[in-house]
Each structure stands twice: as structure tokens, then as C-alpha cells.
Amino acid sequence: MNGEASSSSPQSQTEDDKKSPNDDDQHGTYECNICLETANDPVVSMCGHLFCWPCVHQWLETRPHRQTCPVCKAGISKDKVIPIYGRGNPNPQDPREKLPPRPAGQRSEPEATNLLHNFGFGGDSNFQFSFGIGAFPFGMFASTLNFNDGRPGPPQPNSPQQAEEQFLSKVFLWVAIIFIFWLLIA
Amino acid sequence: MYLALLTKKTKMTSMEKRLQKELQAMTKDPPAGVSVNTNSLSSNLSEWVVDIEGAPGTLYESERFQLGFKFTSRYPFDSPQVMFLGPNIPVHPHIYSNGHICLSILTEDWSPALSVQSVCLSIVSMLSSCKEKKLPPDNALYVRTCSKDPKKTRWWYHDNSV
């Protein structure tokens, strides 16, 4: 339909005209999908659609029970929009008197990558051995499979504390081996 | 007259600002078969008349219709009231003879990302996909009993084919 329109309509522009720099076209990418102005306090939905925070907030208030993206109808919510912070603040006069502040960005810590490196018992390894008695087969697996799960890091190498911990972990290892052996012969 | 409206920049409500933008876009780059009747615009842009034309190769080819739009101050969060006006109302299974249109985006499926242009194109497309010109089955009853405002009708959307 559009193809016919551009060929028959007298106002149709040539390709070159459309590419010529034009204020509207340049800003079009950053227009709010609701007010059609350049987004102010911009937030972006998980589906990638840009809005002013005040605009999308008002829309979410309008339909509290069916919160959908105005553009693609994907589910959206206050917690699932990401604020966009540009450099500086070109509009110091903030129109958000009645509105809650924009949701904060969610910053996750970089993931630990050394999960199974330095595997071993000696030196400055991250290996920690713990032992607990639970329902027989399950507790045993749980107790042997938690490497480096967020407990205090290893102590300084060659400190008395480290020696003590190594000794303890060896003791527990032997206790565990004896316990398993006892279970097997019993 | 709309040029005067376009240059008026002071103290516009968000609804006027948004309608101003839409009007600008639609007059600058009108979509196929859709043109805003600029003489019809009220001073705060809350009422528009849009002329539409049936798409070529369809049952409504080159027939001309008028759509009336009314916007509340809550536009675009609130959907516009849209109905056919004037003597020529298309005969279509989803269009009542009083001009009311049964189209879900005009009520419960409205989204503020829709616009006058997208509503007009949806209606042109609804006309285009029609296979047989006939009135809605409950037309006589509806026209006798309905409210003047089609947005007050509890529409029951069930036919997705047209």
C-alpha cells in the first residue's frame, strides 16, 4: 500500500530528499513512544522501546492490572525498565514533582571466574572442605560439592591460621573417609 | 488555519503537544488514502475530521468516507472517540449504520503508541479485508439502543477475520 502511495501521491519525496539532514529525522531515534518528544528522563523497556519515565509511568498507572508495552504489548513493569543516563544533565528543571523517581539501574557484580582453578589441598587454594551429617546419600553429596561458595576467603599464606585450617580440613577429610568406609562395611 | 496552530507554542497541554506533532507528521507525509481535513480542526485540536478513501483493489475502492476523532485531555493515555460521520458510512460487518466502529484498538486494546495515523490505517485495512458488504447482524437493535458515544458501548470482540 505504501509503495503505491509514494508513486501516486504528488507530495512524495525522492530518496535523496528523505536522506537530507532534518531535525525531526535526526532526533527520531530518541523520541519517546508516547509523547513523541525527545525522551526526557529516558527509560527503556526490556523489549527495547524508549519512553520518558513520566510518560510510561502514567501509562502503567492507567492500567495497573494489565501492564503492557505500548509499542509491542510485551509485559512491562516498573522494575523492568532500565533508566538511561547520558552524560551531564541538559534539563536541570526536572518535571517529576508528582512522580516517583526513576527506578534505579540494576548493577550486578562481575561473575567470579576462578570457580575450579587452584583446585587442591595445599598452598593458597580456595578449596574448602565441609562436612555434615544429613539424610545419608544426600547430605554426603551436598557436603562435598560446595567449593568457594562465598565464605570468608582463605587466610594469608603461611599464617598460623592457615596451618590450623589446613589441619582441620585434613582431619575432617579423614573423618569423612572413615565414616564412608564404616557405612560401606556396616 | 492549521499553520497558525502549528506555530502556537505557548502553554500547550501534553495532549495538544502530542496532537500537534501528529498533525505535523500527517500533513507533511500523509499515508495512502488518508488526509486530515484541516478546516475541521478545533482550536485546541480536540476534534478532527479525517478523510479516508477505500484502497484500490478492494470492495471500497475510491469510495470516500469521513472519520470523526474526539480527544480528551487524557490523550494519548485515553483512546480517542472515533466514528464515521456524514452521509456516506461504509457498509461493513463491523461498522454500524450510525457510524460506530467495532474495533478493539479503539477501546480495550488502545495503546498510547498508537496515533491518528495508525487508527486511520487500521480502519482502511479493516475495510480492505472485507469480503462482503453487509451490516453487522445486530445493527438494527444496536442503533436503536446504543449510547451516542461509541466508547460507552461494551464491545464484544470475537471476529478476528475482518
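Since we're looking at a predicted model, the values are computed, not measured. (Residues numbered from 1 in each chain as written. Chains lettered and ligands numbered in written order. Predicted model: local features only at pLDDT ≥ 70, side-chain atom pairs only at ≥ 80, totals over all residues.)

S.K.: How would you summarise the overall build of chain A if you had to cite specific residues and measurements?
M.R.: Looking only at helices and strands, chain A has six helices and three strands in total. Each helix and strand of chain A, ordered N terminal to C terminal, gives the series α-α-α-β-β-α-β-α-α. Classification of the 186 residues of chain A by burial places 14% in the buried group. Considering only contacts in chain A between residues 6 or more positions apart, those separated by 24 or more positions represent 36%. (Helix = DSSP H or I, 4+ residues; strand = E, 2+ residues; numbered from the N terminus. Buried ≥ 20, exposed ≤ 12 C-beta atoms within 10 Å, placed from the backbone. Contact = placed C-beta atoms within 7 Å.)

S.K.: Tell me about the sheet that holds strand β3 (residues 81-83) of chain A, and please be specific about residues and values.
M.R.: All names here are of chain A. Taken in spatial order, the three strands of this open sheet run β2-β1-β3, and their pairing is antiparallel. Strand pairing shows two members of the sheet lacking a second neighbour, β2 (50-52) and β3, which therefore form its edges. The sheet shows a mean angle of 35 degrees between the axes of neighbouring strands, taken without regard to direction. Where strand β1 (residues 42-45) meets β3, three bridges bridge the pair, whose relative direction is antiparallel. When the sheet's bridge partners are listed, valine 43 is paired in β3 with proline 83. (Pairing = 2+ DSSP bridges. Axes fitted to C-alpha atoms, helices over the stretch in contact; angles between N-to-C directions.)

S.K.: Could you give me a rundown of the interface of chain A and chain B, with the residues and numbers involved?
M.R.: Much of the literature gives interface size as the accessible area that the parts lose upon coming together. Each side of the interface is counted separately: chain A has 14 residues, and chain B has 14 residues. Split into classes, the residues belonging to the side of chain A that touches chain B amount to eight nonpolar, five polar and one charged. (Nonpolar A, V, L, I, M, F, W, Y, C, P; charged D, E, K, R; others polar.)

S.K.: Give me the lowdown on unusual backbone geometry, citing residues and values where you can.
M.R.: Here the residue pair Tyr75(B) and Pro76(B) is connected by a cis peptide bond, since its omega of 5 degrees sits within 30 degrees of zero. If you trace the backbone, Pro76(B) turns up in the loop between β3 (64-70) and β4 (81-85). One non-glycine residue, Asp41(A), adopts positive backbone phi at about 55 degrees. Tracing the backbone shows Asp41(A) in the loop between α3 (23-28) and β1. Phi at Leu45(B) is positive, roughly 65 degrees, even though this residue is not glycine. Tracing the chain through its elements places Leu45(B) in the loop between β1 (34-36) and β2 (47-53). Leu45(B) sits in the buried class, given 23 other C-beta atoms within 10 Å.

S.K.: A description of the UniProt feature "transmembrane region" (unreviewed entry) in chain A should follow, citing residues and the corresponding values.
M.R.: UniProt's feature table lists "transmembrane region" (unreviewed entry) at residues 129-147 and 167-185 of chain A, given in the numbering used throughout. Here residues 167-185 of chain A is 100% helix and 0% strand, with 27 Å between the C-alpha atoms at its ends. (UniProt positions renumbered as here; feature names shortened; annotations may be inferred.)

S.K.: Give me the lowdown on the sheet that holds β1(B), citing residues and values where you can.
M.R.: Residue and element names in this part refer to chain B. Pairing is antiparallel across the open sheet formed by four strands, whose spatial order is β1-β2-β3-β4. Two strands bound the open sheet, and with one partner strand each, they are β1 and β4. Sheet twist, expressed as the average angle between the axes of neighbouring strands with direction ignored, equals 25 degrees. In this sheet, β4 lies alongside β3 in antiparallel orientation, the contact comprising five bridges. Its bridge partner lying in β4, glutamine 66 is registered against leucine 85. Here helix α3 (residues 116-128) sits on the sheet and contacts β1, β2, β3 and β4; the angle it forms with β2, its principal contact strand, is near 35 degrees.

S.K.: Tell me about the nonpolar core, residues and numbers included.
M.R.: Residue and element names in this part refer to chain B. Val50, Ile52, Leu67, Ile101, Cys120 and Ile123 are the most contacted members of the largest nonpolar core, which totals 32 residues. The leading source of residues in this core is α3, at six residues. Excluding residues that lie within four positions of it along the chain, leucine 67 makes contacts with Val50, Ile52, Val82, Phe84, Leu85, Cys120 and Ile123. (Core = buried A, V, L, I, M, F, W, Y, C linked by C-beta atoms within 7 Å.)

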